Amino acid sequence: MPLQRCLVVSLVIVMISCSDNIDLGLQDDPNRPGTDITDLDPLYQSAQLSFINFFEEVEEFASPIVRHRAMTGGRFYNSAIPPESMDAIWSEAYAEFGSDADALIGLAEETSSDFHRASMQILQAYVAMTLVDIFGDVPSLSTRSAELIFNPVAVNGELTYQDADEKLVEAIELLSSYEGSLPAIDLFHSGSSDAWLHTATVLRLRRALYVGDFDLFDEILSSIDMTMDGALVFTYSNSRFPESRHPDYVRSYETDDAQHQSNYLMWLMSESTEKSDPRIRYYYNRPVSAIPLDNTNRFTCVYSTIPDPAATPAHYEQCREEMPYCVGSLSQGYYGRDHGNANGFTPDGDIRTAPGVYPAGGKFDNNSFFAVQRGGVDGGQGAGIFPLLPGFYIPFYQAEVLLEQNQSAEARIHFEAAIHQSIAYVMEVGESLDPLSFSELVETTAGTLPGSSFAPSAEDVNSYTDEILKAWDESIDKLEILANQFHIATYGNGLEAYNMIRRLQRPSSLQPLTVSDGDAFPLSAFYPAVH
């Protein structure tokens, strides 16, 4: 028997033999926190952090699938997202967030701490619906019953969605008249009941859209305060120790090999329209102004040695005639990977496009053109955001429902508002996170210019929006136009794009897998290996 184990056993024997003579003062169950209100705050903060960790793992699953980021883990979906790749989502949901949230709700009930209870139920409902979105039928997040802990049973997804809505309704009732104690730290809404009420209401609106209950959608919509800011957005810090920065910044602005961006999305925003998307310099930061073709070792093109439009495979062109191949834009310097290019890393760091200031807290692309893997000193230094439910989602939701109800004229009004709100939000966030890139003086062929010269003007925004609205007016499939714009706008939250693709079967012209005989788009994921 190892020495350490012998010592532990000896100590246990001593403790047992002395138990009749020593008062250990164990008045409470040591496995359950006390019920004093002060005990709620550490658990509350822990649960909120676990909630964000969960959604970070969801983003790792969804973003590559929807072409927000390059899918490089396999040439087929089944190899890119095997069961073991879903383990972290499952563990964060049940072992981390689920246990914290359930314990906190129980303590909050005992102490009548309705703010803690209601806001945690809102997050719990969001996580439960997300698990259904990804897996289908899943066990309940509530594990206070020993039977549920040791013998979990999958619950029908529709019932889980309904239970989530009931939790949201209950949370709204609890918050509507609450005047008691507030958490010492609330990472989302700083203890604002109104803000949490708004989050719950928007989540109910989202659920009504997802299940196709348009009457309920209209009823909930009438109760939403449209002057409120985003319903749920998490803000990271620039702290390196402890690590509290946006994950995409950590991957791309330190010194390790970074992830690749999606050639498709970069092309969609840079070249698929006459006017480039005003958000592109906020989403992406380029180290080069154009892609050099002098070093073939940089590239991992599947059908050619270097990016060559003439080598575009037939199944790409069958999907969309001008589909990008092996590069986002040769002339504009956007370089990432095609969907399902799993050829491994090459020495392409000097040309690889990095995440920008939105939402990763990186650098606004002001034409300064340099590789950013310099130990995390550039741009917003990782103090980005996770756009879970920003305010511009609502007019997109409205436009979709109105289209489904054959009210295209009214849908157009909300669609236009959604585009403008998305662009304005991205610009506002970007300029607040990285002001130095806007004031920085940059040497260009036209002379020395401030970085702000490369920010889109009001005319740029209006010209782009007019072009999209012209396409809307001329299209017989306006849901396709809507889906393309929502797909772009949800960058940073792949779950929303994933659910839209499953819900609408649009956009219909996403870049296909690199192999011509690829497997079908995954409408749900495998249960994890740790299931």
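Just above, that's the structure.
Residues numbered from 1 in each chain as written. Predicted model: local features only at pLDDT ≥ 70, side-chain atom pairs only at ≥ 80, totals over all residues. Heavy atoms only, no water.

Draft legend 1. Focus on the overall build of the chain. A count of helices and strands for the chain gives 19 helices and eight strands. The C-alpha radius of gyration of the chain comes to 25 Å, within 12% of the 24 Å expected for a compact globule of 531 residues. A principal-axis box enclosing the C-alpha atoms of the chain has dimensions of 85 × 60 × 50 Å. With 531 residues in all, the chain has 53% of them scored as buried. Excluding contacts between residues fewer than 6 apart, the proportion of contacts in the chain whose partners are at least 24 apart in sequence is 76%. The centroid of the 30 positive side-chain charges in the chain is displaced by 6 Å from the centroid of its 76 negative side-chain charges. (Helix = DSSP H or I, 4+ residues; strand = E, 2+ residues; numbered from the N terminus. Rg over C-alpha atoms; globule rule 2.2 N^0.38 Å. Buried < 20%, exposed > 50% of the residue type's maximum accessible area, 1.4 Å probe, protein only. Contact = heavy atoms within 4.5 Å. Lys, Arg positive; Asp, Glu negative; His and termini not counted. Charge placed at Lys NZ, Arg CZ, Asp CG, Glu CD.)

Draft legend 2. Structural view of the side chain of Ser252. Counting through the fold element by element, Ser252 comes out in helix 10 (residues 247-253). Take Ser252: its relative accessible area is 2%, and that puts it in the buried class. Among residues more than four places away in sequence, those in contact with Ser252 are Ala258, Gln259, Pro355, Val372 and Gln373.

Draft legend 3. Spatial organisation of the packing of helix 2 (residues 40-65) against helix 4 (residues 87-111). Viewed as axis vectors pointing N to C, helix 2 and helix 4 meet at an angle of 155°, and their least axial separation amounts to 9 Å. By the angle between their directions, the pair helix 2 and helix 4 is classed as roughly antiparallel. By crossing handedness, the relation of helix 2 to helix 4 is classed as left-handed. When grouped by side-chain class, the residues that make up the contact of helix 2 with helix 4 number 17 nonpolar, four polar and four charged. (Axes fitted to C-alpha atoms, helices over the stretch in contact; angles between N-to-C directions. Parallel < 35°, antiparallel > 145°, perpendicular 65-115°, else oblique. Left-handed = near helix turned anticlockwise from the far one by under 90°. Nonpolar A, V, L, I, M, F, W, Y, C, P; charged D, E, K, R; others polar.)

Draft legend 4. Representation of the state of the cysteines within the structure. Considering all chains together, one arrives at one disulfide under this definition. Each sulfur in the disulfide pair Cys301 and Cys326 lies 2.0 Å from the other. In this structure the cystine formed by Cys301 and Cys326 twists about its S-S bond by roughly -80°; its chirality is therefore left-handed. With Cys301 in the loop between strand 4 (284-285) and helix 13 (314-319) and Cys326 in the loop between helix 13 and strand 5 (354-355), this pair connects stretches of sequence that are 25 residues apart. The residues Cys301 and Cys326 share a single accessibility class, namely buried. Sulfur of Cys319: no disulfide; nearest cysteine sulfur belongs to Cys326 and is 17 Å away. We classify Cys319 as partly exposed; its relative accessible area is 28%. (Disulfide = S-S within 2.5 Å.)

Draft legend 5. Broad picture of a negative patch on the surface. Side chains of Asp213, Asp215, Asp218 and Glu219 sit close together on the surface and give a patch of like negative charge. Within the secondary structure, Asp215 is located in helix 9 (residues 214-221). (Patch = residues over 30% accessible without salt bridge, like charges linked within 9 Å, V, L, I, M, F, W, Y side chains within 5 Å. Areas by Shrake-Rupley, 256 points an atom, 1.4 Å probe, with all protein chains shown as cover. Salt bridge = Lys/Arg side-chain N within 4 Å of Asp/Glu carboxyl O.)

Draft legend 6. Just the pattern of salt bridges, in detail. According to the stated counting rule, one finds 24 salt bridges in the structure shown. The shortest N-O distance in the salt bridge between Glu474 and Lys470 comes to 2.7 Å. Residue Glu474 and its partner Lys470 are both found in helix 17 (residues 458-474); the two are separated by four residues, about one turn of the helix. A cluster of three or more residues bridged by salt bridges with shared partners is formed by Glu60, Arg69, Asp248 and Arg251.

Draft legend 7. Seen up close, the nonpolar core. One finds Phe51, Phe55, Phe61, Leu131 and Phe415 to be the most contacted residues of the largest nonpolar core, which totals 144 residues. Setting aside residues up to four positions removed in sequence, Phe51 forms contacts with Phe97, Leu123, Tyr126, Val127, Phe188, Leu232 and Leu388. (Core = buried A, V, L, I, M, F, W, Y, C linked by side-chain atoms within 4.5 Å.)

Draft legend 8. Examining the pairing of strand 8 (residues 447-450) more closely. Pairing between strand 7 (residues 441-444) and strand 8: four bridges, direction antiparallel. Across the sheet, Glu443 pairs through a bridge with Thr448, a residue of strand 8. Connecting strand 7 to the next strand, strand 8, in antiparallel fashion are two residues. (Pairing = 2+ DSSP bridges.)

Draft legend 9. Structural detail: the environment of Asp133. Considering the arrangement of structural elements, one finds Asp133 in helix 5 (residues 114-135). For Asp133, a relative accessible area of 4% corresponds to the buried category. With 392 residues separating them in the primary sequence, Asp133 and Ala525 have C-alpha atoms 9.1 Å apart. In contact with Asp133, other than residues within four places in its own chain, are Tyr161, Arg206, Tyr210, Leu495, Tyr498, Asn499, Arg502 and Leu523. Side-chain polar atoms of Asp133 contact the side chain of Asn499, separated by 3.2 Å. (Polar contact = N/O pair within 3.5 Å; in protein donor to acceptor, adjacent residues only side chain to side chain.)

Draft legend 10. The arrangement of helix 8 (residues 193-211) in detail. The end-to-end C-alpha separation of helix 8 is 27 Å, in line with the 27 Å expected for 19 residues at 1.5 Å each. Buried residues dominate helix 8, accounting for 17 of its 19 residues. (Expected span 1.5 Å × (residues − 1).)

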